[in-house]
Amino acid sequence: MDAQRSTPDDGLRFHLPSPPARPGDRPDFSYLPIPPAGAVPRPDPAVAAADIPDYAYSLVRVLDDDGRAVGDWAPSVGAEELRAGLRAMVLTRAYDARMLTAHRQGKTSFYMQCTGEEAFAVGHALALRPGDMFFPTYRQQGWLIARGWPLVSMMCQVLSNERDPLHGRQMPIMYSAKDVDFFTISGNLATQYVQAVGWAVASSIRGDTRIASGVVGEGATAEADFHHALTFAATYRAPVILNVVNNQWAISTFQSIASGEHTTFAARAIGYGLPALRVDANDYLAVVAATRWAAERARANHGATVIEWVTYRVAAHSTSDDPSRYRPADESAAWPLGDPIDRLKRHLIAIGEWSEQQHGELVEQARDEVRRAAKEAEQYGSLLDERTSPARSIFDDVFEELPPHLVEQRRWMEGLR
Ligand SMILES: Cc1ncc(C[n+]2csc(CCOP(=O)(O)OP(=O)(O)O)c2C)c(N)n1
């Protein structure tokens with residue numbers, strides 16, 4: 001309104017986008033138009049980017065309000081595979097709950113949950129092939145769980161204990177799991193995005209069949225590496241999927257501050273000549289379908305796809321954050337795309353492949369599995385008993401071979417003991 005009334009002589013005004021609702025306000029998601037499931041047609045994966053610009057402003061959705069899979073994006077996925085996805089999401093949520101408790105008990109220094117965002121990591125992990133390389137952020141623990149990486153190893157990393165696969169050198173949750181195609185997490189936002197493109201280019205130079213997939217949050221799209229990645233992906237037609245997980249918040253910063261106020265994050269792709277999809281990320285079937293589409297495109301040498309995954313960060317940003325300070329307490333309950341676990345559960349029930357009772361049992365089993373893994377992991381130490389990797393190991397792996405000055409420093413350190 002004010003902007004429209006302004007005349008050139010009024011003087012300039014600084015514009016600062018603000019979230020639609022603050023603590024105490026009613027949650028307001030009217031900024032997010034939601035087309036019905038099945039409304040968006042599925043283009044051929046060989047389509048030219050210039051022919052599908054409207055996909056950057058729409059929303060691919062498969063599961064309707066009754067849990068039915070509708071429209072031509074509905075992927076063919078067997079019931080057993082769907083149950084595997086559901087199981088991995090439920091296990092991820094149980095794992096998060098347990099590690100949050102471990103933090104509250106002082107067993108670890110830090111933790112980050114992915115509550116509400118489980119479908120992206122799990123669906124992506126199961127829709128890509130073993131050998132495709134995933135360049136995650138810190139919020140895709142669901143990939144590790146879906147790919148069967150041991151819960152005990154994940155926990156030992158979070159507890160920084162004697163069996164921590166990274167020897168206590170990384171902050172909790174910055175996993176690295178080469179054997180399940182999960183690239184080492186870095187604390188520096190968006191760096192993995194360019195690395196994913198480079199990995200994909202290398203795969204194409206070698207004439208391989210493996211593709212890469214990189215992830216940033218919508219906040220991290222403001223980093224320069226995001227733009228470098230899109231430029232190089234477009235130039236070399238890299239076989240890479242460039243994912244933006246838009247969970248509406250970057251810590252206390254609403255997505256409009258990362259320039260989501262007048263456009264979408266998917267629309268960033270258009271200026272680079274890359275195709276974009278915008279997808280309901282709380283819809284497990286849409287996650288699988290869009291991942292398959294982009295993977296097929298990449299494998300057939302049509303190049304990169306940018307996918308904005310629309311979701312909501314239900315939990316706090318991390319254990320160092322208190323979201324009640326900057327957003328309404330009931331905002332996640334008002335999120336219009338629902339809960340990804342609940343939606344897949346309802347789908348499986350609707351097609352006669354699941355029941356409330358089976359679901360209850362699954363939740364219980366997941367809790368048990370996590371409890372057992374935690375008991376085992378804690379035997380190898382936690383912050384409470386300071387049983388960590390030996391101090392001398394801090395010098396290992398700085399370089400491939402220990403150079404003389406580090407040999408010297410290690411000797412000096414050991415002399416102190
Ligand atoms: C280069 C860099 N700048 C700032 C930070 C601090 N930081 C950590 S997480 C975060 C917010 C990221 O938000 P988003 O990309 O939306 O991902 P989300 O946490 O919502 O999954 C920030 C600013 C960082 N880790 N690295």
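Residues numbered from 1 in each chain as written. Predicted model: local features only at pLDDT ≥ 70, side-chain atom pairs only at ≥ 80, totals over all residues. Heavy atoms only, no water.

Engineer: In this structure, what is going on with the overall build of the protein chain? I would like to understand it.
Structural biologist: When you go through the protein chain residue by residue, the secondary structure sums to 12 helices and seven strands. In terms of principal-axis extent, the alpha carbons of the protein chain reach across some 70 × 60 × 55 Å. For the protein chain, the residues scored as buried account for 52% of the 417 residues in total. For the protein chain, restricting intrachain contacts to residue pairs at least 6 apart in sequence, the fraction spanning at least 24 positions comes to 74%. In the form shown here, the protein chain has an accessible surface area of approximately 19,200 Å², with 51% of it arising from carbon and sulfur atoms. Here the protein chain contributes 42 positively and 53 negatively charged side chains, and the mean placements of these two sets differ by 3 Å. (Helix = DSSP H or I, 4+ residues; strand = E, 2+ residues; numbered from the N terminus. Buried < 20%, exposed > 50% of the residue type's maximum accessible area, 1.4 Å probe, protein only. Contact = heavy atoms within 4.5 Å. Areas by Shrake-Rupley, 256 points an atom, 1.4 Å probe, with all protein chains shown as cover. Lys, Arg positive; Asp, Glu negative; His and termini not counted. Charge placed at Lys NZ, Arg CZ, Asp CG, Glu CD.)

Engineer: Just to check I follow, could you spell out the sheet that holds strand 3 (residues 240-246) for this structure?
Structural biologist: Across a sheet, strands are paired by hydrogen bonds formed along the backbone, either parallel or antiparallel in direction. Pairing is parallel in the open sheet, where five strands are placed in the order 1-2-3-7-6. Each edge of the sheet is formed by a strand with only one pairing partner; in this case those strands are strand 1 (133-135) and strand 6 (276-280). Strand-to-strand twist across the sheet, computed as the mean angle between neighbouring axes with direction ignored, equals 20°. Looking at chain direction, strand 2 (residues 212-217) and strand 3 are connected through six bridges and run parallel. What sits directly across from Ser-213, in strand 3, is Ile-241. Of the strands in this sheet, strand 1, strand 2, strand 3 and strand 7 (305-310) touch helix 3 (residues 118-127), which is tilted by about 165° from strand 3. (Pairing = 2+ DSSP bridges. Axes fitted to C-alpha atoms, helices over the stretch in contact; angles between N-to-C directions.)

Engineer: Could you clarify how one ought to interpret the site of the ligand in this entry?
Structural biologist: Near the ligand you find 15 residues, and of these Tyr-138, Arg-139, Gly-187, Asn-247 and Trp-249 are the closest. One of the backbone nitrogen or oxygen atoms of Trp-249 is found 2.8 Å away from an oxygen atom of the ligand. Within the side chain of His-317, an N or O atom sits 3.4 Å from an oxygen atom of the ligand. Surface burial for the ligand is 71%, taken as the share of its 580 Å² of free accessible area covered by protein chains. When each cavity is represented as a set of grid points, the ligand is found to reside in the largest pocket. Taken together, the residues of the shell around the ligand break down into six nonpolar, six polar and three charged. (Near = heavy atom within 4 Å. Polar contact = N/O pair within 3.5 Å; in protein donor to acceptor, adjacent residues only side chain to side chain. 1 Å grid on protein atoms, 1.4 Å probe; cavity = no way out; pocket = protein on both sides within 12 Å on 5 of 7 lines; lining within 4 Å. Sits in = over half its atoms within 2 Å of the grid points. Nonpolar A, V, L, I, M, F, W, Y, C, P; charged D, E, K, R; others polar.)

Engineer: Got a minute to help me understand the environment of His-302 in this structure?
Structural biologist: If you trace the backbone, His-302 turns up in the loop between helix 8 (284-299) and strand 7. Sequence spacing of His-302 and Ala-238 is 64 residues, and the spatial spacing of their C-alpha atoms is 8.4 Å. Contact partners of His-302, with chain neighbours within four places excluded, come to Pro-45, Ala-46, Arg-237 and Arg-297.

Engineer: Sorry, what's going on with the layout of surface pockets here?
Structural biologist: Approximately 420 Å³ is the volume found for the largest pocket. For the largest pocket, the lining is made up of 28 residues, of which Tyr-138, Leu-189, Ala-220, Ala-250 and His-317 are closest to its centre. Taken together, the elements giving at least two residues each to the lining of the largest pocket come down to strand 2 and strand 4 (249-250). With three residues, the single largest contributor to the lining of the largest pocket is strand 2. Across the lining of the largest pocket, the residue classes tally to 16 nonpolar, eight polar and four charged. Considering only enclosed or pocket space, the second largest pocket measures out at about 300 Å³ in volume. Of the residues assigned to the lining of the second largest pocket, the class counts are nine nonpolar, nine polar and three charged. (Points joined across faces, edges and corners; volume = space filled by probe spheres on them.)

Engineer: How should the pairing of strand 6 be read in this particular structure?
Structural biologist: Consecutive residues of a regular strand have side chains that alternate between opposite faces of the sheet. Among the five residues in strand 6, five count as buried, and that is most of the element. Going residue by residue along strand 6, you find Ala-276, Arg-278 and Asp-280 tucked away on one face and Leu-277 and Val-279 tucked away on the opposite face as well. Bridge analysis of strand 6 against strand 7 gives five bridges, and the strand direction is parallel. Looking at the pairing, Leu-277 lines up with Ile-307 of strand 7.

Engineer: Looking at this structure, how should I read empty space enclosed by the protein?
Structural biologist: In this approach the atoms are scanned with a rolling probe the size of a water molecule, which exposes any empty space left behind. Going through the model one piece at a time under the given rule, you end up with two cavities of 30 Å³ or more. Approximately 40 Å³ is the volume attributed to the largest cavity. If you trace the largest cavity, you find it lined by Pro-136, Thr-137, Tyr-138, Ile-185, Ser-186, Gly-187, Asn-188, Leu-189, Ala-190 and Gln-192. Class assignment for the residues of the lining of the largest cavity results in five nonpolar, five polar and no charged. Computed from the structure, the second largest cavity encloses a volume of approximately 40 Å³. In terms of lining residues, the second largest cavity is bounded by Arg-98, Met-99, Ala-102, Met-155, Leu-159, Ala-374, Ala-377 and Glu-378. Where the lining of the second largest cavity is concerned, the elements lending two or more residues are helix 2 (79-104), helix 5 (151-159) and helix 11 (356-379). Along the lines of polarity and charge, the residues of the lining of the second largest cavity split into six nonpolar, no polar and two charged.

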